[in-house]
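These are the residues of each chain, in order.
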Amino acid sequence: MSYEHIARQSLGFFPTPLIELSKLSARLDGPKIYMKRDDNTGLALGGNKTRKLEFILGEALAQGADTIITAGAAQSNHCRQTAAAAASLGLECHLVLGGEEPKHPQGNLLLDKIFGCHIHWSGNHRKGEDIPNLVQQLIQQGRKPYVAPYGGSNELGALGFVEAFRELEAQCQNIDLSFTHIIFASSSGGTQAGLMLGSKIFNSACQIVGINIDKGETDKVPFDQYIVALANRTAELIDADYKFSASDLILNSDYVGEGYGVVGAVENEAIAITAQTEGILLDPVYTGRAMGGLLDMIRTGKLKKTDKVLFWHTGGAPALFAYSNDLEVSK
Ligand SMILES: *Cc1c(COP(=O)(O)O)cnc(C)c1O
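Residues numbered from 1 in each chain as written. Predicted model: local features only at pLDDT ≥ 70, side-chain atom pairs only at ≥ 80, totals over all residues. Heavy atoms only, no water.

Visitor: Break down helix 10 (residues 287-299) for me, citing the residues and quoting the values.
Guide: Compared with the 18 Å implied by 1.5 Å per residue over 13 residues, the 18 Å span of helix 10 between its first and last C-alpha is a close match. Those residues of helix 10 lying buried are Thr 287, Gly 288, Arg 289, Ala 290, Met 291, Gly 292, Gly 293, Leu 294, Leu 295, Met 297 and Ile 298. Just downstream of helix 10, Gly 301 is the residue with a positive phi angle, here 80°. (Helix = DSSP H or I, 4+ residues; strand = E, 2+ residues; numbered from the N terminus. Expected span 1.5 Å × (residues − 1). Buried < 20%, exposed > 50% of the residue type's maximum accessible area, 1.4 Å probe, protein only.)

Here it is, written out as structure tokens:
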């Protein structure tokens, strides 16, 4: 297994902090809970996409690209971090965003604009369907575009989370700590695929538990199969001798609720309790839902008091501002 030959562009501050949430554990009378603070990766208010972009934009630069294109929702954290990274590298950035342009940009969209990227509204084409046309247009204008995948979830993006697992292992060794579970929000699959592979490479017995945020399928493949296939392609990329099957995947879809970005009681409670016990901000779409799942798993006995749980904070808090109408505090 080796990936030293794969290009990488430094974009963030690593390792991110690993902290214990003792007040949250006490409030829940639950297991020890730790948090990996990828909301503090340092790139434009942070988030898990920074790790993926180090390898993705590493490849873009190696190929001589001068323009980055990617796609997402109006409140995409991936698009915001891509816009910031592109700005810092002197690359032009084009975002293809689903839906219609809102009257007042807020949250991530406001930040995209501050980073000076070109925004293309794509209506119902929410998954970057319009990118091939844009690529052709930009080539005709003499540019060298590079397309970063939706959510940063290809093999290179997942590699960022193999590397993240290595980083976590080093932190745990220092303080003689190990976890029974790692729990996080799973949406385009790269985080989970990378953590699954990392846990194999570094011989960890801990359960890698993705909380499904929204997905039934990705690229017309059922989401669970998609993650397993991505983990396998990532293993191939770095010559790691592992073959995953469906039984290796733990994807919990109990908390999808009314779907992507629909904030309900689960997210509201998780955001409030984490803020009010630990002074830490979650986000309304991903980490709020995943932490809501963790709370429920404690209350229903799926996590036991003797467990040691790591919640991987994947970022996203800038979206709080765009969801102010859906948060209980604003009512
Ligand atoms: C993108 C994102 C996720 C999901 O990560 P994937 O690798 O796409 O599954 C989780 N949390 C936040 C805040 C994100 O922006």
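Here the narrative resumes, following the displayed structure.
Visitor: I'd love a proper account of empty space enclosed by the protein, names of residues and values included.
Guide: Within this structure, the stated rule accounts for one cavity of 30 Å³ or more. Approximately 40 Å³ is the volume attributed to the largest cavity. Forming the boundary of the largest cavity are Arg 8, Phe 14, Arg 51, Glu 54, Phe 55, Gly 160, Glu 163 and Ala 164. Broken down by secondary-structure element, the contributors of at least two residues to the lining of the largest cavity are helix 2 (49-62) and helix 6 (155-175). Tallied by class, the residues present in the lining of the largest cavity amount to three nonpolar, one polar and four charged. Here the lining of the largest cavity spans two domains, since at least three of its residues come from each of domain 1 (18-47 + 153-330) and domain 2 (49-152). (1 Å grid on protein atoms, 1.4 Å probe; cavity = no way out; pocket = protein on both sides within 12 Å on 5 of 7 lines; lining within 4 Å. Points joined across faces, edges and corners; volume = space filled by probe spheres on them. Nonpolar A, V, L, I, M, F, W, Y, C, P; charged D, E, K, R; others polar. Domains from an automatic or database assignment.)

Visitor: Please give an account of the sheet that holds strand 4 (residues 92-97) that cites residues and values.
Guide: With parallel pairing, four strands are arranged side by side in an open sheet as 5-4-3-6. With one partner strand each, in any of the chains shown, strand 5 (118-121) and strand 6 (145-147) form the two edges of the open sheet. Across this sheet, the average inter-strand angle for adjacent strands is 25°, counted without regard to direction. Pairing of strand 4 with strand 5, which is carried by four bridges, proceeds in the parallel orientation. Bridge pairing links His 94 to His 118 in strand 5. (Pairing = 2+ DSSP bridges. Axes fitted to C-alpha atoms, helices over the stretch in contact; angles between N-to-C directions.)

Visitor: Residue-level account of the packing of aromatic side chains, with values.
Guide: By convention here, two paired aromatic rings are described through the distance between centres and the angle between planes. A complete count under the given rule lists five aromatic pairs for this structure. Ring centres of Tyr 260 and Tyr 286 lie 5.9 Å apart, and the angle between their planes is 70°; this geometry places the pair in the edge-to-face category. Linking Tyr 260 in the loop between strand 11 (250-252) and helix 9 (265-278) with Tyr 286 in the loop between helix 9 and helix 10, this pair joins segments that are 26 residues apart in sequence. By relative accessible area, Tyr 260 is classed as partly exposed at 34%. The residue whose ring lies beneath Lys 49 is Tyr 286, and the NZ or CZ to ring-centre distance is 5.8 Å. Lying over the aromatic face of Phe 161, Arg 51 brings its terminal NZ or CZ to 5.8 Å of the ring centre. (Phe/Tyr/Trp six-rings, centres within 6.5 Å; stacked < 30°, edge-to-face > 60°. Lys NZ or Arg CZ within 6 Å of the ring centre and 35° of its normal.)

Visitor: Just give me the short version of the sheet that holds strand 1 (residues 18-20), but keep the residues and values in it.
Guide: Strand pairing in a sheet takes place through backbone hydrogen bonds and is either antiparallel or parallel in direction. The six strands lie next to each other as 1-2-12-7-8-11, forming an open sheet whose pairing is mixed. At either margin of the open sheet sits one strand with a lone partner, and together these are strand 1 and strand 11. For this sheet the average axis-to-axis angle between neighbouring strands, irrespective of direction, equals 25°. Across three bridges, strand 8 (residues 207-212) lies against strand 11 in parallel orientation. Paired with Ile 211 across the two strands is Asn 252, which belongs to strand 11. On the sheet, helix 6 packs against strand 1, strand 2 (32-37), strand 7 (181-186), strand 8 and strand 12 (308-313) and is oriented at approximately 135° with respect to strand 12. (Contact = heavy atoms within 4.5 Å.)

Visitor: Lay out the site of the ligand with the relevant residues and their values.
Guide: Near the ligand there are 16 residues, and of these Lys 49, Lys 52, Ser 188, Thr 191 and Thr 314 occur at the shortest range. Asn 48 is positioned such that a nitrogen or oxygen atom in its side chain is 3.1 Å from an oxygen atom of the ligand. Contacts to the ligand include Ser 187, whose backbone N or O atom sits 2.7 Å from an oxygen atom. When the free accessible area of the ligand is taken as 380 Å², the share hidden by the protein chains comes to 97%. (Near = heavy atom within 4 Å. Polar contact = N/O pair within 3.5 Å; in protein donor to acceptor, adjacent residues only side chain to side chain. Areas by Shrake-Rupley, 256 points an atom, 1.4 Å probe, with all protein chains shown as cover.)

Visitor: Describe the packing of helix 6 against helix 7 (residues 190-201), naming the residues involved and giving the relevant values.
Guide: Relative orientation of the contacting elements helix 6 and helix 7 amounts to 45°, with a least axis distance of 7 Å. Looking at the two axes, helix 6 sits oblique to helix 7. Note on packing geometry: the crossing formed by helix 6 with helix 7 is right-handed. Here Ala 158, Phe 161, Val 162 and Phe 165 of helix 6 lie close against helix 7, whose contacting residues are Gly 190, Thr 191, Ala 193, Gly 194, Leu 195, Leu 197, Gly 198, Ser 199 and Ile 201. A per-class count over the contact of helix 6 with helix 7 returns eight nonpolar, five polar and no charged. (Parallel < 35°, antiparallel > 145°, perpendicular 65-115°, else oblique. Left-handed = near helix turned anticlockwise from the far one by under 90°.)

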